Amino acid sequence: MRKIIIKSAYVGVLLFVFSAIISCEEDFTNIGSDVISNTKFDTNTFDSEITAENNTVEKVKSDNITREPGQYLLGVFASSDYEKLEASIVSQITIAADLALVDSDTIAKYETSTTSIITTIDTVFIKLPYQATLESTSSTGPTYTLDSIVGNKDKAFTFNAYQTSTYLSRLNPLDPSKLNSYYSNDVFNKTGSALNVVNDFKFIPNAADTVMYVKRWANNKKLVTIDTVKYSSSTTSVIPMPFAAIPLNEEKFKQLFLDKYDDAEFDSQEDFNNYFRGIILEASGNEGSLISFNFSNTITALRPSIEVYYTNTVVNTQSNDTIKTFRKNDSFLLSGVRNAIYKMTEKTYPINNEIKVQGTAGSEVSIDLFGADADNNGIADKIEALRAKNWLINDASLTFYINQSADTTALPYRLYMYKTIDDASTSNDLTQIKDSYSETTFGGYLERDDNGKAEKYTFRITDYISDLLSGEEDASPILKLKVHNITDNPISSTIFTNYNWSPKAITLFNQDASNGNKRAVLKISYSERKN
């Protein structure tokens, strides 16, 4: 009896293994980029025609309320191949909780019936630390290459700073139960004249600007000392980083800030936000460069700020002699609610064999993969025709070749694609393409040819195409192609929010036949059962 049981078990195992082999031979599922290879299936490729058209972007979400971009653009980008961009910034200002014009111990020790403490403002400036790479150091100082700049660094753009009368609110004024949103074309009203000392300041980035000297003055206009101002990349580093310092009107800031320290306007951050609602850093002009500044640097000293330097002089009121001087510096970070402002000079691109992709609020590309739904059944006719073939999709890719004869000085490192139902870039119906979160090979990265020249961008959308041709999905909405930003990467499986602070731009070839083997097509690799 025992022998029979053992033999039966062996037979059962063999039958199970044989059954599994047959099942694997007859039944298959999508396996991404792996290709079926056996005696019952053929593997082929199919080039599916697409339509790719220029699409002007009216605006993009550009605040930091729901997600902090970190990087903000200031300056001008002007190229005959793309829309001119004048990029500005509006930001609230943060005040310190312990802000005091004169320290309490100074008052306790030096303020008497025969003395007076007089405050003299030394200088005020906007500090904008550059992002830079250290190339070398020597006895004459460090040498840097400035990063994150496009355009002509040798030409100046025009800069002005203004106080804004527009209240920057995190909550929606019409429905305070919801968060607010600001867009790149929103208008922020100005109060008074420019805050900078020299109107229409000519801004040229300079990697050698690593130090600033601040003269300290007593109330009798006598020079006390000269401070050397430097900012380093860490608390242990002695190598100064480059930064822009734009002088502001000292008298205005004495009235707006120093004279108000003890008043209700500086009682709390909320009170201050209502009093001094924010500052506009405005760039304008027809030439110059576009600079990206990091507002979220982990080193506080390397974040943009307003720096106020002043000297308190203890004076003998009877003899008018100077008893002692105290040097102070208050730093006001450009923090709180912020928004990027993009003024685009609209450009009508000709309908030809090209498409333009430009960051910020420039231009995207609308991509129609499968065309019309002539019978109005909710499924594109081309999808229905492809479904009838019963293909197993092994791979699906979409490649865009670069027109190397166009301006490539602001070449994007990566492009990105997303879905939209109504062909708008600010709709609530923007969603991620499945492969952006289901696969690690979604792509969109810049690829170069054997000679090192920028050649193309390729997206792999196998899962997305498989779902459409298998019937798991029916809708084939318009896809959008844009310059990539880190905020594009999926944080959930579906939602896409269209931020864009990248100034990069590129000209690509579309589907026109004149582009030859560089025309844009959807390339599908598939397996099908042999007849």
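Residues numbered from 1 in each chain as written. Predicted model: local features only at pLDDT ≥ 70, side-chain atom pairs only at ≥ 80, totals over all residues. Heavy atoms only, no water.

Caption draft 1: Representation of the overall build of the protein in the model. Broken down by element type, the protein carries seven helices and 30 strands. Scored against the burial criterion, the 531 residues of the protein give a buried share of 47%. In the protein, once contacts between residues fewer than 6 apart in sequence are set aside, the share between residues at least 24 apart is 77%. Surface summary for the protein: the accessible area is close to 25900 Å², and the carbon and sulfur share equals 49%. Here the protein holds 51 positive side-chain charges and 68 negative ones, and the gap between their average locations is 5 Å. (Helix = DSSP H or I, 4+ residues; strand = E, 2+ residues; numbered from the N terminus. Buried < 20%, exposed > 50% of the residue type's maximum accessible area, 1.4 Å probe, protein only. Contact = heavy atoms within 4.5 Å. Areas by Shrake-Rupley, 256 points an atom, 1.4 Å probe, with all protein chains shown as cover. Lys, Arg positive; Asp, Glu negative; His and termini not counted. Charge placed at Lys NZ, Arg CZ, Asp CG, Glu CD.)

Caption draft 2: Just the sheet that holds strand β30 (residues 521–529), in detail. Spatially, the five strands line up as an open sheet ordered β1-β30-β24-β27-β26, and their pairing is antiparallel. Each having just a single partner strand, β1 (41–49) and β26 (443–448) make up the two edges of the open sheet. If you compare each strand with its neighbour and ignore which way they point, the axes differ by 25° on average. As paired strands, strand β24 (residues 392–401) and β30 are joined by six bridges and run antiparallel to one another. Directly across from Asp 395, in β30, lies its bridge partner Ser 525. Against the sheet, helix α7 (residues 462–470) touches β24, β27 (454–460) and β30, its axis set at about 125° to β24. (Pairing = 2+ DSSP bridges. Axes fitted to C-alpha atoms, helices over the stretch in contact; angles between N-to-C directions.)

Caption draft 3: Structural context of a negative patch on the surface. A cluster of acidic side chains, namely Asp 262, Asp 263, Asp 267, Glu 270 and Asp 271, defines a negative patch on the protein surface. Looking at the element boundaries, Asp 262 is found in the loop between α3 (250–256) and α4 (269–275). (Patch = residues over 30% accessible without salt bridge, like charges linked within 9 Å, V, L, I, M, F, W, Y side chains within 5 Å. Salt bridge = Lys/Arg side-chain N within 4 Å of Asp/Glu carboxyl O.)

Caption draft 4: Spatial organisation of the sheet that holds strand β19 (residues 305–316). With antiparallel pairing, the four strands of this open sheet are ordered in space as β16-β5-β19-β20. A strand with exactly one partner marks an edge of an open sheet, and here the two such strands are β16 (243–247) and β20 (322–333). Each adjacent strand pair in this sheet contributes to an overall mean axis angle of 25°, direction not counted. Both strand β5 (residues 115–129) and β19 contribute to a ladder of twelve bridges, which runs antiparallel. When the sheet's bridge partners are listed, Ile 121 is paired in β19 with Tyr 310.

Caption draft 5: Representation of a nonpolar patch on the surface in the model. A surface patch of nonpolar side chains, amounting to about 360 Å² of accessible area, comprises Val 211, Tyr 213, Leu 223 and Ile 226. Secondary-structure assignment places Val 211 in the loop between β13 (201–203) and β14 (212–217).

Caption draft 6: Focus on the environment of Ala 52. As for its placement among the helices and strands, Ala 52 is situated in strand β2 (residues 51–56). Classification of Ala 52 as buried rests on a relative accessible area of 3%. Ignoring anything within four residues of it in the chain, the contact list for Ala 52 reads Ile 355, Val 365, Ser 366, Ile 367, Phe 400, Asn 510 and Gln 511.

Caption draft 7: Highlighting the pattern of salt bridges. Counted under the stated rule, the structure contains 19 salt bridges. Lys 523 is the salt-bridge partner of Asp 47, the closest N and O atoms lying 2.8 Å from each other. Within this pair, whereas Asp 47 is found in strand β1, its partner Lys 523 is found in strand β30, the two being separated by 476 residues in sequence. With a relative accessible area of 34%, Asp 47 lands in the partly exposed category.

Caption draft 8: The arrangement of the side chain of Lys 328 in detail. Among the secondary structure elements, Lys 328 is positioned in strand β20. In terms of polar contacts, Lys 328 uses its side chain to reach the backbone carbonyl oxygen of Ala 100, at 2.6 Å. Polar side-chain contacts of Lys 328 include one of 3.0 Å to the side chain of Asp 103. In this structure Lys 328 touches Ala 100, Leu 101, Asp 103, Arg 216, Val 308, Tyr 309, Tyr 310 and Asn 312, once residues within four positions along its chain are discounted. (Polar contact = N/O pair within 3.5 Å; in protein donor to acceptor, adjacent residues only side chain to side chain.)

Caption draft 9: Just the pairing of strand β7 (residues 141–146), in detail. In terms of strand pairing, strand β6 (residues 132–138) meets β7 through six bridges, oriented antiparallel. Counted as the bridge partner of Thr 137 is Pro 142 from β7. Here β6 folds back onto β7 in antiparallel fashion, the turn holding two residues.

Caption draft 10: Layout of the packing of aromatic side chains. Scanning the entire structure with this criterion turns up 26 aromatic pairs. On the basis of an interplanar angle of 65° and a centroid distance of 5.4 Å, the ring pair of Tyr 110 and Phe 326 is categorised as edge-to-face. Within this pair, whereas Tyr 110 is found in helix α2 (residues 104–110), its partner Phe 326 is found in strand β20, the two being separated by 216 residues in sequence. Owing to a relative accessible area of 21%, Phe 326 belongs among the partly exposed residues under this scheme. Members of the aromatic cluster, connected to one another through ring pairs, are Phe 253, Phe 257, Tyr 261, Phe 266, Phe 272, Tyr 275, Phe 276 and Phe 332. (Phe/Tyr/Trp six-rings, centres within 6.5 Å; stacked < 30°, edge-to-face > 60°.)

Caption draft 11: The confidence of the model for the protein, seen in detail. Across the protein, the average pLDDT comes to 90, with 91% of residues at 70 or higher. Below a pLDDT of 50 lies the segment residues 1–34, which in the model reaches 20 contacts outside its immediate sequence neighbourhood of four places, other chains included. (pLDDT = per-residue confidence, 0-100.)

Caption draft 12: Local environment of the nonpolar core. Membership of the largest hydrophobic core comes to 75 residues, with the highest contact counts inside it found for Phe 203 and Ile 306. When residues in this core are grouped by element, the largest group, six residues, is from β5. The contact partners of Ile 306, leaving out residues within four places of it in the chain, are Ile 93, Val 124, Phe 125, Ile 126, Leu 248, Phe 253, Ile 279, Asp 330, Ser 331, Phe 332 and Leu 334. Counting residues in each nonpolar core, the second largest holds 45 residues, with Ala 52, Ile 367, Phe 459 and Leu 468 among its members. (Core = buried A, V, L, I, M, F, W, Y, C linked by side-chain atoms within 4.5 Å.)

Caption draft 13: Focus on α7. Burial within α7 is extensive, with eight of its nine residues counted as buried. For α7, the set of buried residues is Thr 462, Asp 463, Tyr 464, Ile 465, Ser 466, Asp 467, Leu 468 and Leu 469. The positive-phi residue at the C-terminal boundary of α7 is Gly 471, with phi of around 95°.

Caption draft 14: Up close: the environment of Ile 351. Within the element layout of this structure, Ile 351 appears in the loop between β21 (338–345) and β22 (354–358). The exposure class assigned to Ile 351 is exposed, which follows from its relative accessible area of 91%.

Caption draft 15: Up close: unusual backbone geometry. A positive phi is found at Ser 148, a non-glycine position, where the angle reads about 55°. Assignment of secondary structure puts Ser 148 in the loop between β7 and β8 (149–151). You can call Ser 148 partly exposed: its relative accessible area is 40%.

Caption draft 16: Spatial organisation of the environment of Gln 255. Tracing the backbone through its elements, the reader meets Gln 255 in helix α3. Note: C-alpha distance between Gln 255 and Tyr 144 (111 residues apart in sequence) is 38 Å. Ignoring any residue separated from it by four or fewer positions in sequence, one finds Gln 255 in contact with Lys 260 and Tyr 275.

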